[in-house]
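Residue-level listing of the chains:
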Amino acid sequence: AQSVTQLDSHVSVSEGTPVLLRCNYSSSYSPSLFWYVQHPNKGLQLLLKYTSAATLVKGINGFEAEFKKSETSFHLTKPSAHMSDAAEYFCVVRISYQLIWGAGTKLIIKP
Amino acid sequence: SAVISQKPSRDICQRGTSLTIQCQVDSQVTMMFWYRQQPGQSLTLIATANQGSEATYESGFVIDKFPISRPNLTFSTLTVSNMSPEDSSIYLCSVAKPGEAFFGQGTRLTVV
């Protein structure tokens with residue numbers, strides 16, 4: 001069965017410090033993986049996606065993620081957090097046309 | 001890509017009434033998806049809507065409560081029937097294209 005586990009429900013970092021949001025997946029197939037961001041009272045926005053090309057994927061707003069098949073992980077990182085990064089982040093696995101959503105990680109940025 | 005227009009963006013409804021949410025896509029798509037996002041939660045798939053056939057509902061969701069129409073390849077509606085406060089959520093429609101999924105802006109429903 002396919003599943004997605006976001007290891008932290010909340011992550012709190014200081015502005016200007018690195019961000020790490022962890023995601024592990026389970027899939028019998030070669031998955032496509034995504035990170036979406038949802039700002040308060042806003043729609044979902046695609047940050048980045050992995051679709052079997054380069055394992056290090058760069059997204060918008062300075063975010064990137066690395067697909068590690070041996071660890072079944074797709075962690076999201078950013079070198080330096082900004083106040084505007086405060087939001088909910090979702091790791092998603094896509095199998096064919098079906099999306100499997102992680103529970104979400106709320107990123108809190110301390111001034 | 002795909003642009004999805006979803007309406008209404010929000011509504012406050014009386015319990016026992018029904019609300020129909022509409023989604024219009026700017027291109028033809030085979031499958032459209034309806035999700036619910038309860039407060040502070042992730043997205044839960046309600047059903048998959050294919051044009052010309054009955055929608056396929058996920059466990060815990062039934063057609064009587066969430067009837068779906070899919071009259072053509074660019075449009076779908078979801079009705080939340082006989083609403084109760086527990087139905088207060090954000091409802092989103094989505095389409096999947098090769099390499100990416102696209103979402104409407106969501107309908108924020110409050111049932112009072």
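Keep in mind that what you see is a predicted model, and the values were worked out from it rather than measured.

**Quick notes on the overall build of chain B**
Logical step 1: Across its full length, chain B carries zero helices and eleven strands.
Logical step 2: Here chain B has a C-alpha radius of gyration of 13 Å; the compact-globule value for 112 residues is 13 Å, and the two agree.
Logical step 3: Dimensions of chain B, computed from C-alpha atoms along their principal axes, come out at roughly 40 × 25 × 20 Å.
Logical step 4: Every one of the 112 residues in chain B was classed for burial, and the buried ones make up 51%.
Logical step 5: When contacts within chain B are restricted to residue pairs at least 6 apart in sequence, those whose partners lie at least 24 apart make up 53%.

**Let's talk about the packing of aromatic side chains**
Residue and element names in this part refer to chain A.
Logical step 1: Considering all chains together, one arrives at 13 aromatic pairs over all chains under this definition.
Logical step 2: With a centroid separation of 5.5 Å and an interplanar angle of 45°, the aromatic rings of Phe-63 and Tyr-89 are classed as tilted. One end of the pair, Phe-63, is in the loop between strand S7 (56-58) and strand S8 (64-68); the other, Tyr-89, is in strand S10 (residues 87-95), and 26 residues separate them in sequence. Residues Phe-63 and Tyr-89 agree in their burial class; the two are buried.

**Here we look at the nonpolar core**
Logical step 1: Ranked by size, the top nonpolar core spans 28 residues in total, and within it Trp-35, Leu-48, Leu-76 and Tyr-89 of chain A carry the most contacts.
Logical step 2: In terms of residue count, S10 of chain A provides more of this core than any other element does, five residues in total.
Logical step 3: Core analysis: the next-biggest nonpolar cluster, separate from the first, contains 27 residues, Met-32, Phe-66, Phe-102 and Leu-109 of chain B among them.

**What to know about the confidence of the model for chain A**
Logical step 1: For chain A, per-residue confidence averages 92 on the pLDDT scale, and residues scoring 70 or more make up 100% of the total.
Logical step 2: Averaged over each element, pLDDT in chain A is lowest for strand S11 (residues 98-101) of chain A (88) and highest for strand S3 (residues 19-21) of chain A (98).

**Some details on the interface of chain B and chain A**
Logical step 1: In this complex, chain B contributes 17 residues to the contact, which on the side of chain A involves 16 residues.
Logical step 2: Roughly 1500 Å² of surface becomes buried between chain B and chain A when both sides are summed, with 54% attributable to carbon and sulfur atoms.
Logical step 3: Inspection of the region where chain B meets chain A yields one salt bridge.
Logical step 4: Residues Lys-49 of chain A and Glu-100 of chain B are paired through a salt bridge, measuring 3.6 Å at the closest nitrogen-oxygen approach.
Logical step 5: Counting every contact that joins chain B to chain A gives five residue pairs in polar contact (both at pLDDT 80 or more).
Logical step 6: By residue number, the principal contributor to the side of chain B that touches chain A is strand S4 (residues 31-37) of chain B, which donates four residues.
Logical step 7: Here the residues of the side of chain B that touches chain A are counted per class, giving nine nonpolar, five polar and three charged.

**Describing the state of the cysteines**
Residue and element names in this part refer to chain B.
Logical step 1: Scanning the model with the defined rule gives two disulfides over all chains in all.
Logical step 2: Note that Cys-23 is cross-linked by a disulfide to Cys-93, the S-S spacing being 1.6 Å. The sign of the -80° torsion about the S-S bond sets the Cys-23-Cys-93 disulfide as left-handed. Linking Cys-23 in strand S3 (residues 19-25) with Cys-93 in strand S9 (residues 89-97), this pair joins segments that are 70 residues apart in sequence. A single burial state applies to Cys-23 and to Cys-93, both of which are buried.
Logical step 3: Cysteine Cys-13 is unpaired, with the sulfur of Cys-23 as its nearest cysteine sulfur at 16 Å.
Logical step 4: With relative accessibility at 8%, the residue Cys-13 sits in the buried group.

**Structural notes on the environment of Tyr-91 of chain B**
Residues and elements named next belong to chain B.
Logical step 1: Considering the arrangement of structural elements, one finds Tyr-91 in strand S9.
Logical step 2: Separated by 13 residues in the primary sequence, Tyr-91 and Gly-104 have C-alpha atoms spaced 9.2 Å apart.
Logical step 3: Leave out the neighbours within four places in its chain, and Tyr-91 touches Gln-6, Ile-21, Tyr-35, Arg-36, Ile-46, Phe-66, Leu-78, Val-80, Gly-106, Thr-107 and Leu-109.
Logical step 4: Of the polar contacts made by the side chain of Tyr-91, one reaches the backbone oxygen of Asp-87; its length is 2.8 Å.

Criteria and cut-off values
Counting restarts for each chain, with residues numbered from 1 along the sequence as it is written. Labels are handed out in written order, letters beginning with A for the chains and numbers beginning with 1 for the ligands. Local features are withheld for residues below a pLDDT of 70 in this predicted model, meaning they are given only at 70 or higher, and side-chain atom pairs are given and counted only at 80 or more; totals for whole chains, interfaces and linings count all residues. Excluding hydrogens and water, the side-chain figures rest on all heavy atoms present in the structure. Put simply, DSSP H or I for four residues or longer makes a helix, DSSP E for two residues or longer makes a strand, and each gets a number counted from the N terminus. The globule rule used for comparison is 2.2 Å times the number of residues to the exponent 0.38, while the radius of gyration itself is calculated over C-alpha atoms. Only protein chains enter the accessibility calculation, which uses a 1.4 Å probe; a residue is then buried when its area is under 20% of its type maximum, exposed when over 50%, and partly exposed in between. Note on contacts: a residue pair qualifies if any of its non-hydrogen atoms lie within 4.5 Å across the two residues. Working definition: rings of Phe, Tyr and Trp (its six-membered ring) pair if their centres are within 6.5 Å, and the pair is stacked with planes under 30 degrees apart, edge-to-face with planes over 60 apart, and tilted otherwise. To form a nonpolar core, buried Ala, Val, Leu, Ile, Met, Phe, Trp, Tyr and Cys residues must be joined to one another through side-chain atoms within 4.5 Å. Scored between 0 and 100, pLDDT is the confidence that the predictor attaches to each residue. Summed over both partners, buried area is the accessible surface (1.4 Å probe) that two parts give up on being assembled. Here, a salt bridge means any Lys or Arg side-chain nitrogen found within 4 Å of an Asp or Glu carboxyl oxygen. Any pair of nitrogen or oxygen atoms within 3.5 Å is treated as a polar contact; in protein, a donor-acceptor pairing is required on top of that, and neighbouring residues in sequence qualify only through side-chain atoms on both sides. Think of it as three bins: nonpolar holds Ala, Val, Leu, Ile, Met, Phe, Trp, Tyr, Cys and Pro, charged holds Asp, Glu, Lys and Arg, and polar takes everything else, Gly as well. The criterion for a disulfide is a pair of cysteine sulfur atoms lying within 2.5 Å.

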